[in-house]
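Here is how the chains run, residue by residue.
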Amino acid sequence: MIATPAWPPQSTPRLFVQPALAAGESRRIDGQQGHYLASVMRLKVGDPVKLFDDATGEWLAVASEVRKRDVTLIVGDRLRAREPVPDLWLCAAPIRKGRIDWVVEKACELGVARVAPVLTRRAVVDRLNLDRLRAHMIEAAEQCGRTAVPQLVEPVKLAALLRDWPAGRTLFFADEAGGAPALAAMRAAPGPAAILIGPEGGFDAEEREAIRAVPGAVGISLGPRILRAETAAAAAVSLWMAAAGDW
């Protein structure tokens, strides 16, 4: 017996689109995404494309028109609903270009709900290209099969972040001066949480005291070795996901 080919095939292109999708609609894809489908993937009429919108889930669409710079797709069946997202924020001091790109990519892959850049005294970077960072997160979501994209918010000064900290959300901060073992601390404080990671030079003494003064703040240790800021972010998020049962 001849095996029936899988549909859609594993090689089906997958794209993030907005606004929200609906069955039966016609969606024109242009710009870089249109070029990717038409010129890179060499899409033909009748070929499938997976679409997700960070709202309704993932849908299967079929190309109805293919031109040089744009493609028209007809949205068909919904393949799956938007995934449940663990209630974890990553609050990280900006670091150098390339490294911060890696941080937001991994935050998306690991399932973070929100990425919030935090401006600290020792940060060597005080400006971020949020459009570029969001593009990195979207690409990560497209490649790793996520149906949700983390929210990316405007950078905020550490003092403002702490002043407006929401009640009921645990603030785990990587404390280079020492703290509780991260995994045990996270298991002991389930529920909405955030992870605060400092810059390459760490928090200064005054910042550390201000963080500790926040109700619900918990200093954590990420082990006996000194970690770079981007490594600390990925490690802390991974430990929280493991503690929350999402690993």
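Our subject in this report is the structure included herewith. (Residues numbered from 1 in each chain as written. Predicted model: local features only at pLDDT ≥ 70, side-chain atom pairs only at ≥ 80, totals over all residues. Heavy atoms only, no water.)

1. Some points on the pairing of strand E10 (residues 170–174)
In regular strands, side chains alternate between the two faces of the sheet. The buried count for E10 comes to 5 of 5 residues, which makes it a mostly enclosed element. Covered by surrounding structure in E10 are Thr170, Phe172 and Ala174 together with Leu171 and Phe173, the residues of both alternating faces. The sheet contact formed by E10 and strand E12 (residues 193–197) spans 4 bridges and is parallel. Note that in E12 the partner of phenylalanine 172 across the bridge is isoleucine 195. Direction of pairing for E10 relative to strand E13 (residues 217–221): parallel, over a ladder of 4 bridges. (Buried < 20%, exposed > 50% of the residue type's maximum accessible area, 1.4 Å probe, protein only. Helix = DSSP H or I, 4+ residues; strand = E, 2+ residues; numbered from the N terminus. Pairing = 2+ DSSP bridges.)

2. Focus on the sheet that holds strand E5 (residues 71–80)
In space, the 5 strands of this open sheet follow the order E1-E3-E4-E5-E2, with mixed pairing throughout. Of all the strands in the sheet, the pair left with one neighbour each is strand E1 (14–16) and strand E2 (26–29). Adjacent strand axes in the sheet meet at a mean angle of 40 degrees, parallel and antiparallel pairs treated alike. The pairing of E2 with E5 spans 4 bridges and is antiparallel. Bridged to arginine 27 within E5 is leucine 73. Each of E1 and strand E3 (48–52) touches helix H3 (residues 130–144); the most contacted strand, E1, lies at about 145 degrees to it. (Axes fitted to C-alpha atoms, helices over the stretch in contact; angles between N-to-C directions. Contact = heavy atoms within 4.5 Å.)

3. Considering unusual backbone geometry
Across residues other than glycine, the phi torsion is negative in most instances, and most of the peptide bonds are trans. In the segment running from glutamine 18 into proline 19, the intervening peptide bond is cis, with an omega of 5 degrees. Mapped onto the secondary structure, proline 19 falls in the loop between E1 and E2. Here arginine 42, not a glycine, exhibits a phi torsion of approximately 50 degrees, which is positive. Positionally, arginine 42 belongs in the loop between helix H1 (31–40) and E3. You can call arginine 42 exposed: its relative accessible area is 61%.

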